[in-house]
Amino acid sequence: MEGSTNRVHSAPRAFAGRGARANRARELIDHAMAPVWEANNVWLVLAIVVCWTGFPLLFQSVFASLYPLFAVALLAAFSLTLMPK
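Here goes a summary of the coordinates provided. All values reported here derive from a predicted model rather than from experimental measurement.

With respect to the overall build of the chain
A count of helices and strands for the chain gives 5 helices and 0 strands. Reading the chain from its N end, one meets helices and strands in the order α-α-α-α-α. The 85 residues of the chain split such that 19% are buried. Sequence-distant contacts, at least 24 apart, represent 53% of the contacts inside the chain between residues at least 6 apart.

And the structure:
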């Protein structure tokens, strides 16, 4: 679990403050968010598939203009699933 929590960087951690108590709060935030954060790649793929099947004209226009971004995001999502934990 420790390896996956190192990748979680989010705004709620900024509200934890500073000091020893803040470090514990950050650890709790990381622990709580890690499963959801790691599952976000599933929602990315699902959103692309739903857009592709349900709204082909929207998908065509959006995907044509944002192809490089989507390609990098999908490669990152697939590489995360192949990384050992």
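A closer look at the packing of aromatic side chains
Here a ring pair, both rings aromatic, is described through the centre-centre distance and the interplanar angle of the planes. Tallied over the entire structure, the rule returns 3 aromatic pairs. With centroids separated by 6.5 Å and ring planes inclined at 40°, the aromatic side chains of Trp52 and Phe59 adopt a geometry described as tilted. Using a relative accessible area of 53% as the deciding quantity, one classes Trp52 as exposed. The buried category is assigned to Phe59, whose relative accessible area is 16%. Both rings, one in Phe59 and one in Phe63, keep their centres 5.0 Å apart while their planes meet at 15°; by these two values the pair is stacked. Of this pair, Phe59 and Phe63 both sit in helix α5 (residues 56–82), 4 residues apart, which is roughly one turn of the helix.

Concerning the environment of Ala73
Take Ala73: it is sitting in helix α5. The exposure class of Ala73 is partly exposed, given its relative accessible area of 27%. The sequence separation of Ala73 and Leu44 amounts to 29 residues, and the corresponding C-alpha distance is 8.4 Å.

Definitions and cut-offs
Residues numbered from 1 in each chain as written. Predicted model: local features only at pLDDT ≥ 70, side-chain atom pairs only at ≥ 80, totals over all residues. Heavy atoms only, no water. Helix = DSSP H or I, 4+ residues; strand = E, 2+ residues; numbered from the N terminus. Buried < 20%, exposed > 50% of the residue type's maximum accessible area, 1.4 Å probe, protein only. Contact = heavy atoms within 4.5 Å. Phe/Tyr/Trp six-rings, centres within 6.5 Å; stacked < 30°, edge-to-face > 60°.

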